[in-house]
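Secondary and tertiary structure notes
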Amino acid sequence: MEQSWRILSSDITFHRKWMQVREEACELPDGRILSPYIILDIPSFCNVLIVTEDEQVVLVKQYRHAAGIVSIELPGGMIDPGEAPMDAVKREMREETGYVSEDVELLFQVYPNPPLESNMAWFFIARNAKKTVAQNLDAFEDLELVYYSKEQFLDFLLAHQFTHGIQAGAMFAAAVRLGWLTRNS
């Protein structure tokens, strides 16, 4: 199966702040024309599961207007143009939580929604994190730090209480990487 389509035209039909909508006309391998194919160009982002020296998990609680919910999530944010994902996650961790770690490891990277979005998501674990500075939030960030013991975190995770879909997969992957969940769990 040929995987790529030939792009016949590509137009940006909407552009605001950190998002643009691109409409393309594409020729499929069998000659059919698909038009318009709509793509959301949004920045890539990173998130991190922070674990302190005493195995407390540091999460953030915030209101998510699009869904109308208060969500408990992994700290993180957008990767700036030209910024390495590892640098971005360390910056976001420090800004949103005040925690730093010398032991930050990439869990995985994925396309969060490849039929519609062009961006990548990068997920990390930070071990032995220490709070060294105050939060330094962006103008419209309103975050509350939430601390879970390893057991509380696993209970919440296994009860599917975390509501951010793409982050839930990263939380499970982190729990496996940390040895907190095994195939026999």
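The structure under discussion appears in the preceding block.
Heads up: these notes are all about the structure in this document. (Residues numbered from 1 in each chain as written. Predicted model: local features only at pLDDT ≥ 70, side-chain atom pairs only at ≥ 80, totals over all residues. Heavy atoms only, no water.)

Structural notes on the overall build of the protein
Note the cut-off: A helix here means a DSSP run of H or I that spans at least four residues, while a strand means a run of E at least two residues long, and both kinds are numbered starting from the N terminus. Contact definition: two residues touch when any of their heavy atoms are within 4.5 Å. Method for areas: the Shrake-Rupley scheme with a 1.4 Å probe, in which residue coverage is limited to the protein chains shown. Positive charges come from Lys and Arg, negative ones from Asp and Glu, while His and the chain ends are left out of the count. For the purpose of locating charges, the reference atoms are NZ of Lys, CZ of Arg, CG of Asp and CD of Glu.
Within the protein, the regular secondary structure consists of three helices and 11 strands. Its helices and strands taken in sequence order, the protein reads β-β-β-β-β-β-β-α-β-β-β-β-α-α from the N to the C terminus. Once the C-alpha set of the protein is aligned to its principal axes, its extents read approximately 60 × 45 × 30 Å. In the protein, the proportion of contacts linking residues at least 24 apart, taken out of those at least 6 apart, comes to 56%. Carbon together with sulfur atoms contributes 53% to the accessible area of the protein, which is approximately 10800 Å² in total. Once the 16 positive and 27 negative side-chain charges of the protein are each reduced to a mean point, those two points are 2 Å apart.

Some words on the pattern of salt bridges
We count it as follows: The term salt bridge refers to a pairing of a side-chain nitrogen on Lys or Arg with a carboxyl oxygen on Asp or Glu at a separation within 4 Å. Each residue's exposure class comes from its accessible area (1.4 Å probe, protein chains only) as a fraction of the maximum for that residue type: buried when under 20%, exposed when over 50%, partly exposed otherwise.
Under the defined criterion, the tally for this structure stands at 12 salt bridges. Measuring nitrogen to oxygen at the nearest pair gives 3.5 Å for the salt bridge that ties Arg 91 to Glu 95. Here the residue Arg 91 and the residue Glu 95 both occupy positions in helix H1 (residues 85-97), the gap between them amounting to four residues, near one helical turn. You can call Arg 91 buried: its relative accessible area is 14%. Residue Glu 95 is classed as buried on the basis of its relative accessible area of 18%. Via salt bridges that share partners, Asp 80, Glu 83, Arg 91, Glu 92 and Glu 95 belong to a single interconnected network.

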